[in-house]
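Structural overview
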Amino acid sequence: MARFDPYENNGGTCVAVAGADYCVVAADTRLSVGYSILSRDHSKIAQLADKCVLASSGFQGDIKALQKNLAAKELIYEHNHNKKMSCPAMAQLLSNTLYYKRFFPYYAFNVLGGLDSEGKGCVFTYDAVGSYERTGYSAQGTGSTLMMPVLDNQLKSPSPLLLPARVSSSSLEFELFNPLMVVFLTPLSESEAVDLVKDVFASATERDIYTGDRLEIVVINSSGTQREYIELRKD
Amino acid sequence: MVGKNCFAIASDRRLGVQLQTIATDFQRVFKIHDKLYIGLSGLGTDAQTLYQRLVFRHKLYQLREERDMKPETFASLVSAILYEKRFGPYFCQPVIAGLGEDNEPFICTMDCIGAKELAKDFVVSGTASESLYGACESMYKPNMEPEELFETVSQALMSSVDRDCLSGWGGYVLIV
């Protein structure tokens, strides 16, 4: 007897990489159901606050509901505190919102990217029920297992398990080489990070059937938010 | 992975039963003859039994034909042996690599019931296969010399097994 299944996996992959003064958030634009493609032009990236961007893959129905929920809570925060939510604050809110539905979860695999209150890049990675961690980079979605090893290989230092990251800016040296402060930053420049993201998506598109069509790249830095689109393989 | 007139075959060294590690020096890549190697991922006992059966068949072939088996022929042999057990299979996914006529590299992989998949660039199998696909796809270049091929395969293997809790405890890379 066929039971109603409340979930569906619409596929796709999301990536975010944090740098000294920027954050790159990227996701493909393919929406699939089973072996079919529903849309080649569906964005998985939502701007929650001016320095905070959420990329989510999984069940887009739950994702739309989650984004609406977060946008409403962000507006209430602005009304109560007379300022926009910072990225770390939004990170905590997202975790709490996801755990609230612990026993009927949002089927959403999220990556939150943006700038923290000091202007440094931050990336937060989540599971479906709200467990989260600040890292230097992360990938979630159907292509994540293909991308993470390559990102590890190119960006290993931002992992909190290893030595602190090297960054070109001398003012950050004290913070970085002080073993008491673990810093979650990538030692790459903004253009190098964007090129790396394009490369990993090209590789994942080859081997993951749910990833492809087009890549949407959002870069958040001190001058604001820039969006770029790159064509990917459509097969 | 295929290089310029050479190939690399690599595996990790862990043998485990779910969360427990039994061995950290388990051999998964076996020699058939000087220019033909097979890697077997999956159930340890099936990997060893299958290797013993294949070596037996190859030795008989050598006695009858007075020469070594070509990689393509060997791949067909492995496929047939696996399909014989179609309804009670060996729980192994082989990866076959060899040098054929004129030292032309040959690689292929199969599922546990013998469906052959030839490739020109690289083949992967095992619990970390998805990670390996991503890493190899990003790092592979055609016509790599043996030294560069070694570096590439090692980096791809190490990065991929580091993201898989059931693989690891070192790697073994062979260049021919």
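About the criteria used
- Residues numbered from 1 in each chain as written.
- Chains lettered and ligands numbered in written order.
- Predicted model: local features only at pLDDT ≥ 70, side-chain atom pairs only at ≥ 80, totals over all residues.
- Heavy atoms only, no water.
- UniProt positions renumbered as here; feature names shortened; annotations may be inferred.
- Buried < 20%, exposed > 50% of the residue type's maximum accessible area, 1.4 Å probe, protein only.
- Helix = DSSP H or I, 4+ residues; strand = E, 2+ residues; numbered from the N terminus.
- Pairing = 2+ DSSP bridges.
- Contact = heavy atoms within 4.5 Å.
- Buried area = accessible area lost by both parts, 1.4 Å probe.
- Salt bridge = Lys/Arg side-chain N within 4 Å of Asp/Glu carboxyl O.
- Polar contact = N/O pair within 3.5 Å; in protein donor to acceptor, adjacent residues only side chain to side chain.
- Phe/Tyr/Trp six-rings, centres within 6.5 Å; stacked < 30°, edge-to-face > 60°.

Per an unreviewed UniProt entry, chain B carries the name Proteasome subunit beta and comes from Digitaria exilis. Within the UniProt record for chain B, the comment given under Subcellular location (unreviewed entry) is "Nucleus". Of the comments in the UniProt record for chain B, the one headed Function (unreviewed entry) reads "Non-catalytic component of the proteasome, a multicatalytic proteinase complex which is characterized by its ability to cleave peptides with Arg, Phe, Tyr, Leu, and Glu adjacent to the leaving group at neutral or slightly basic pH. The proteasome has an ATP-dependent proteolytic activity."

If you check an unreviewed UniProt entry, chain A appears there as Proteasome subunit beta from Digitaria exilis.

Within a regular strand, side chains alternate between the sheet's two faces. Residues and elements named next belong to chain A. Within strand S11 (residues 214-221), 8 of the 8 residues are buried, which leaves the element mostly enclosed by the surrounding structure. With burial as the criterion, each face of S11 is covered, one bearing Arg 214, Glu 216, Val 218 and Ile 220 and the other bearing Leu 215, Ile 217, Val 219 and Asn 221. Pairing analysis gives 7 bridges linking strand S2 (residues 22-28) to S11, with the strands arranged antiparallel. Its bridge partner lying in S11, Tyr 22 is registered against Asn 221. Of the strand pairs in this sheet, S11 and strand S12 (residues 224-231) are connected by 8 bridges, and their pairing is antiparallel. Across the sheet, the residue bridging to Ile 217 is Glu 228, located in S12. Taken together, S11 and the strand that follows it, S12, pair antiparallel across an intervening segment of 2 residues.

Bringing the interface of chain A and chain B into the picture now. Facing 12 residues of chain A, the contacting portion of chain B comprises 14 residues. When the two sides are added together, the surface that chain A and chain B hide from each other amounts to roughly 1,200 Å², 50% of it contributed by carbon and sulfur. On the surface where chain A and chain B come into contact, there are 2 salt bridges. Put simply, Asp152(A) and Arg163(B) hold a salt bridge, and the shortest N to O gap is 2.6 Å. Linking chain A with chain B are 7 residue pairs in polar contact (both at pLDDT 80 or more).

On to the packing of aromatic side chains. Residue and element names in this part refer to chain A. What the rule picks out here adds up to 7 aromatic pairs over all chains. Aromatic pair Tyr 7 and Phe 104: ring centres 5.9 Å apart, planes at 65°, arrangement edge-to-face. Of this pair, Tyr 7 sits in the segment before strand S1 (13-18) while Phe 104 is found in the loop between helix H2 (87-100) and strand S7 (108-115), placing the two residues 97 residues apart along the sequence. Given a relative accessible area of 23%, Tyr 7 falls into the partly exposed group. For Phe 104, a relative accessible area of 46% translates into the label partly exposed. Measuring from ring centre to ring centre gives 5.6 Å for Tyr 107 and Phe 109, while their planes differ by 90°; the resulting arrangement is edge-to-face.

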